[in-house]
Amino acid sequence: MYLMKGMLFVVMAMLLGGCSFMLSEEEAISQTKEASLEAFEQENMEPNYDGQALSMYLPDSMEVKQQATNNIVMTEGNDQTYILFYNAMETQASRLNYKTASTKDKSLLLQSYKDKDRFSYVRVLPLNKEEEYELQVSVGGVKITTYTEKGELASDSGKMMEIANSVQYSGNLVRE
């Protein structure tokens, strides 16, 4: 009886855990595009983190590890690092980061979004390791980059877009 329950548990764990392994790269890219667009279109998250030059929304699962001029290093869990770069001289409609990202020719995804006040993009690049990718999300002068697995591309892109959308600069740093 216990052997049968144990085997059933192992089979269920393999099926549930294997879902992301069965996800094709094309499906992961499509889901990433959808998740980033959905996050771009939603109402901005209320900032809950105040840094040296900016405030932003930071998910409960993440924490700031280091701040430097124009950079914030954030972590999630023990193994995921996000690097946020910001240029306070660029507005949310800036295309500067996009122009730089579009010069990379090995992108699996480079999708831009815009509305009347903002310009954004999501970019996915393959890494040398199998099933791992560089994910970059930007809104105007804010760019966030991380390395992630295929099964996490969509959720990470949505979370990163929420953060980038929420950035508010302190003082008169932003060019009008």
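Residues numbered from 1 in each chain as written. Predicted model: local features only at pLDDT ≥ 70, side-chain atom pairs only at ≥ 80, totals over all residues. Heavy atoms only, no water.

Caption draft 1: Region of interest: the sheet that holds strand β4 (residues 71–76). Taking strand neighbours across the sheet as the criterion, the seven strands line up as β3-β4-β5-β9-β8-β7-β6 in an open arrangement whose pairing is antiparallel. Only two strands of the sheet have a single neighbouring strand rather than two, namely β3 (62–68) and β6 (109–114). Mean inter-strand twist for the sheet, computed between neighbouring axes without regard to direction, equals 15 degrees. Sheet contacts for helix α3 (residues 25–41): β6, β7 (119–126) and β8 (132–139); angle to β6, the most-contacted strand, approximately 20 degrees. (Pairing = 2+ DSSP bridges. Helix = DSSP H or I, 4+ residues; strand = E, 2+ residues; numbered from the N terminus. Axes fitted to C-alpha atoms, helices over the stretch in contact; angles between N-to-C directions. Contact = heavy atoms within 4.5 Å.)

Caption draft 2: Inspection of the pattern of salt bridges at higher detail. Throughout the structure, instances matching the rule amount to seven salt bridges. When the shortest N-O distance is used, the salt bridge between Lys-159 and Glu-76 registers 2.8 Å. Of the two residues, Lys-159 is situated in helix α5 (residues 153–166) and Glu-76 in strand β4; the sequence distance between them amounts to 83 residues. Assigned by exposure class, Lys-159 and Glu-76 land together as buried. For Glu-131, the salt bridge is made with Lys-150, and the minimal N-O distance between the two is 2.9 Å. Of this pair, Glu-131 sits in the loop between β7 and β8 while Lys-150 sits in the loop between β9 (142–149) and α5, and the two are 19 residues apart along the sequence. Under the relative-accessibility criterion, Glu-131 is labelled partly exposed at 34%. The class of Lys-150 is buried, set by a relative accessible area of 8%. Salt bridges linked by common partners bring Glu-76, Asp-156 and Lys-159 together as one network. (Salt bridge = Lys/Arg side-chain N within 4 Å of Asp/Glu carboxyl O. Buried < 20%, exposed > 50% of the residue type's maximum accessible area, 1.4 Å probe, protein only.)

Caption draft 3: Looking closely at the nonpolar core. Judged by nonpolar contacts, the single largest core of 35 residues is most densely connected at Met-56, Met-74, Leu-84, Tyr-86 and Ile-144. If we ignore the near neighbours within four places in the chain, the residues touching Ile-144 are Met-74, Tyr-82, Ile-83, Leu-84, Leu-135, Gln-136, Val-137, Met-160, Ile-163 and Ala-164. (Core = buried A, V, L, I, M, F, W, Y, C linked by side-chain atoms within 4.5 Å.)

Caption draft 4: View of the environment of Ser-36. Following the sequence through the fold, Ser-36 ends up in helix α3. Take Ser-36: its relative accessible area is 0%, and that puts it in the buried class. With 126 residues separating them in the primary sequence, Ser-36 and Glu-162 have C-alpha atoms 8.7 Å apart. Once you skip the residues sitting within four places of it in the chain, Ser-36 turns out to touch Tyr-113, Val-122, Ser-157 and Met-161. Within the structure, Ser-36 has its side chain in polar contact with the backbone oxygen of Thr-32 (distance 3.0 Å). (Polar contact = N/O pair within 3.5 Å; in protein donor to acceptor, adjacent residues only side chain to side chain.)

Caption draft 5: The arrangement of unusual backbone geometry in detail. One non-glycine residue with positive phi stands out, namely Asn-70, at about 70 degrees. With respect to the helices, strands and loops of the structure, Asn-70 is situated in the loop between β3 and β4.

Interpretation note: all reported values are geometric properties and have no functional meaning in isolation.
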